[in-house]
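Summary of structural features
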Amino acid sequence: GRWSRYLRRKVRRLIETPPKRGATASVFDRTYPPVQQFRSDIANLIARQVSLHFIFTGTVDSGFNAEGQLFEILGTAARPDRVTVTRLPLMDHVFTIVEARQDLVRRIAEWARRV
């Protein structure tokens, strides 16, 4: 009984203790470059004849919700012969469904054959 009470008390303290201000798990930290730097990076890749294929899933609908949106952001940096976009609004970002993973691999393979 003592061990049980001890463990319950410890777990309750862990659950009830608020996280330290500003503390985040580093795995979730993400730094996005400024738009101008992103444009410049894409332009540099295109100048080197690199073909790019962006795939967006439904989990990014709040930030990306139309296939033409990337071209609007990139402006003249994007060339449709070098930059392609696929939007998969029904897929989650980790492709948990087997058929979704198969579809992703198929799409990437088709793109790779084209370029």
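Structure shown above.
So, here is what we can say about the structure in this document. The shown structure was predicted, so the numbers you read here are calculated from the model rather than taken from an experiment. Per chain, the residues get numbers from 1 upward, laid out in the order the sequence is written. Note on the predicted model: pLDDT of at least 70 is required for a residue's local features to be given, and 80 or more for side-chain atom pairs to be given and counted; whole-chain, interface and lining totals, by contrast, use all residues. Side-chain descriptors were evaluated using all non-hydrogen atoms of the structure, hydrogens and water having been removed beforehand.

1. Focus on the overall build of the protein chain
Note the following rule: Helix and strand assignments come from DSSP, with helices taken as H or I runs of at least 4 residues and strands as E runs of at least 2, each series counted from the N terminus. Between buried and exposed lies partly exposed: a residue is buried under 20% and exposed over 50% of the maximum accessible area for its type, with that area taken using a 1.4 Å probe on protein chains only. Contacts are assigned to residue pairs that have any heavy atoms within 4.5 Å of one another. Shrake-Rupley sampling with a 1.4 Å probe provides the accessible areas, and residues are treated as covered by the protein chains on show and by no other component.
In terms of regular secondary structure, the protein chain is built from 4 helices and 2 strands. Burial statistics for the protein chain: of 115 residues in total, 23% are counted as buried. The long-range share in the protein chain, meaning contacts at least 24 apart out of those at least 6 apart in sequence, stands at 65%. As presented, the protein chain carries roughly 9,200 Å² of accessible surface, and 57% of it is formed by carbon and sulfur atoms.

2. Focus: the pairing of strand β1 (residues 52–57)
Note the threshold: DSSP bridges decide pairing: two strands pair if at least two such bridges lie between them.
Within β1, 5 of the 6 residues are buried, which leaves the element mostly enclosed by the surrounding structure. Bridge count for β1 against strand β2 (residues 83–88) is 6 bridges, and the pairing is parallel. Residue Leu52 lies in a different strand from β2, and its bridge partner there is Val83.

3. Looking at a positive patch on the surface
To keep things clear, this is the line we draw: Patch membership is restricted to residues that have no salt bridge and whose relative accessible area is over 30%. Joining uses 9 Å for like charges and 5 Å for the nonpolar side chains Val, Leu, Ile, Met, Phe, Trp and Tyr. Here, a salt bridge means any side-chain nitrogen of Lys or Arg that lies within 4 Å of a carboxyl oxygen of Asp or Glu. Working convention for charge: Lys and Arg count positive, Asp and Glu count negative, and His plus the chain ends are omitted. Lys charges are placed at NZ, Arg charges at CZ, Asp charges at CG and Glu charges at CD.
A cluster of basic residues, Arg2, Arg5, Arg8, Arg9, Lys10, Arg12 and Arg13, forms a positive patch on the protein surface. With respect to the secondary-structure elements, Arg5 resides in helix α1 (residues 2–16).

4. Considering helix α2 (residues 35–47)
Counted only if it meets this: How far a helix is expected to stretch is found by multiplying one less than its residue total by 1.5 Å.
In this model, α2 (13 residues) spans 18 Å end to end at C-alpha, consistent with the 18 Å of a helix rising 1.5 Å per residue. Taken from the residues just after α2, Gln49 is the one with a positive phi, measuring 70 degrees.

5. A few points about the pattern of salt bridges
The tally for this structure, following the rule as stated, stands at 4 salt bridges. The partner of Asp81 in a salt bridge is Arg79, with the nearest N and O atoms 2.5 Å apart. Residue Arg79 is classed as partly exposed on the basis of its relative accessible area of 34%. Counted as one network, the salt bridges with shared partners bring together Asp103, Arg106, Arg107 and Glu110.

6. A few points about a nonpolar patch on the surface
Judged by side-chain polarity, Trp3, Tyr6 and Leu7 come together as a nonpolar surface patch covering roughly 380 Å² of accessible area. You can see Leu7 is positioned in helix α1. Relative accessible area serves as the criterion here: at 48%, Leu7 is assigned to the partly exposed category.

7. Some remarks on the environment of Leu52
Structurally, Leu52 is set in strand β1. Distance from Leu52 to Asp81, taken between C-alpha atoms, is 9.5 Å for residues 29 residues apart in sequence. If sequence neighbours within four positions are ignored, Leu52 has contacts with Ile42, Leu45, Arg82, Val83, Thr84 and Trp111.

8. Details of helix α4 (residues 98–114)
Spelled out, the test is: Here, the arc refers to the directions that run from the helix axis to the C-beta atoms.
With 17 residues, α4 should cover 24 Å at 1.5 Å per step; its first-to-last C-alpha distance of 25 Å lies within 8% of that length. For α4, the full list of buried residues reads Ala100, Asp103, Leu104 and Trp111. Axial view of α4: buried residues confined to an arc of 100 degrees, hence all on one face. Exposed side chains of α4 directed beyond 90 degrees from the buried face belong to Glu99, Gln102, Val105 and Arg113. Looking at the buried side of α4, the elements it contacts are β1 and β2.

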